[in-house]
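# Architecture and fold: a report
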Amino acid sequence: MERRQHERTSRSIRVEMMHPSIGTIVGFTTDISEGGAQVMLENQSIPPVGTELQVCFRKVVGPINAEPVTMKVVHQFRNTIGLSFAL
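Everything in this summary refers to the structure shown in the same document.

Cut-offs and rules
- Residue indices begin from 1 for each chain and proceed along its sequence in written order.
- Only residues with pLDDT of at least 70 are given local features in this predicted model, and only at 80 or more are side-chain atom pairs given and counted; all residues enter the totals for whole chains, interfaces and linings.
- Excluding hydrogens and water, the side-chain values take into account all heavy atoms of the structure.
- By nonpolar core we mean a set of buried residues, namely Ala, Val, Leu, Ile, Met, Phe, Trp, Tyr and Cys, connected to one another through side-chain atoms within 4.5 Å.
- Exposure is judged per residue with a 1.4 Å probe applied to protein chains only, and the accessible area is read against the type maximum: over 50% gives exposed, under 20% gives buried, and values in between give partly exposed.
- Starting at the N terminus, helices and strands are each numbered in turn, a helix being any DSSP run of H or I of at least four residues and a strand any DSSP run of E of at least two.
- What makes two residues a contact is simply this: any of their non-hydrogen atoms within 4.5 Å.
- Aromatic contacts are taken between Phe, Tyr and Trp rings whose centres are within 6.5 Å, Trp giving its six-membered ring; a plane angle under 30 degrees counts as stacked, one over 60 as edge-to-face, and the others as tilted.

A word on the nonpolar core. In this structure, Met17, Val39, Val55, Phe57, Ile81 and Leu83 are the most contacted members of the largest nonpolar core, which totals 15 residues. The set of elements that each furnish at least two residues to this core consists of β2 (14–19), β3 (23–32), β4 (36–41), β5 (52–59), β7 (69–77) and β8 (80–85). Residues within four places of phenylalanine 57 in sequence aside, it is in contact with Ile13, Arg14, Val15, Thr29, Ile32, Pro63, Ile64, Asn65, Val69, Met71 and Phe85.

Pasting the structure below:
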């Protein structure tokens, strides 16, 4: 049963995720919605579920969001994490 409230869009966007104890993790979205994003990581440590990260979405010529947004890891599987926008 589908529980999502927002429609997902397939999009590959560079994501920089920062946390004081983890450092910076880089990945790419596989899909994104108004509620969050699914991000694929390459050969990096995966933050545990519940971790809050400061996230910047970047395009080739600059950031999509000027200031980092807080997002929470809501699930993880292999090298993919699900992020939800923190309210």
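Attention now moves to the side chain of threonine 80. For threonine 80, the location among the structural elements is in strand β8. Aside from chain neighbours lying at most four places away, what touches threonine 80 is Gln38, Val39, Met40 and His75.

As enumerated under the stated definition, the model contains one aromatic pair in all. Residues phenylalanine 57 and phenylalanine 85 carry aromatic rings whose centres are separated by 6.5 Å and whose planes lie at 50° to one another, so their mutual orientation is tilted. Separated by 28 residues along the polypeptide, phenylalanine 57 in strand β5 and phenylalanine 85 in strand β8 bring together distant segments of the chain. Owing to a relative accessible area of 6%, phenylalanine 57 belongs among the buried residues under this scheme. By relative accessible area, which is 27% here, phenylalanine 85 ends up partly exposed.

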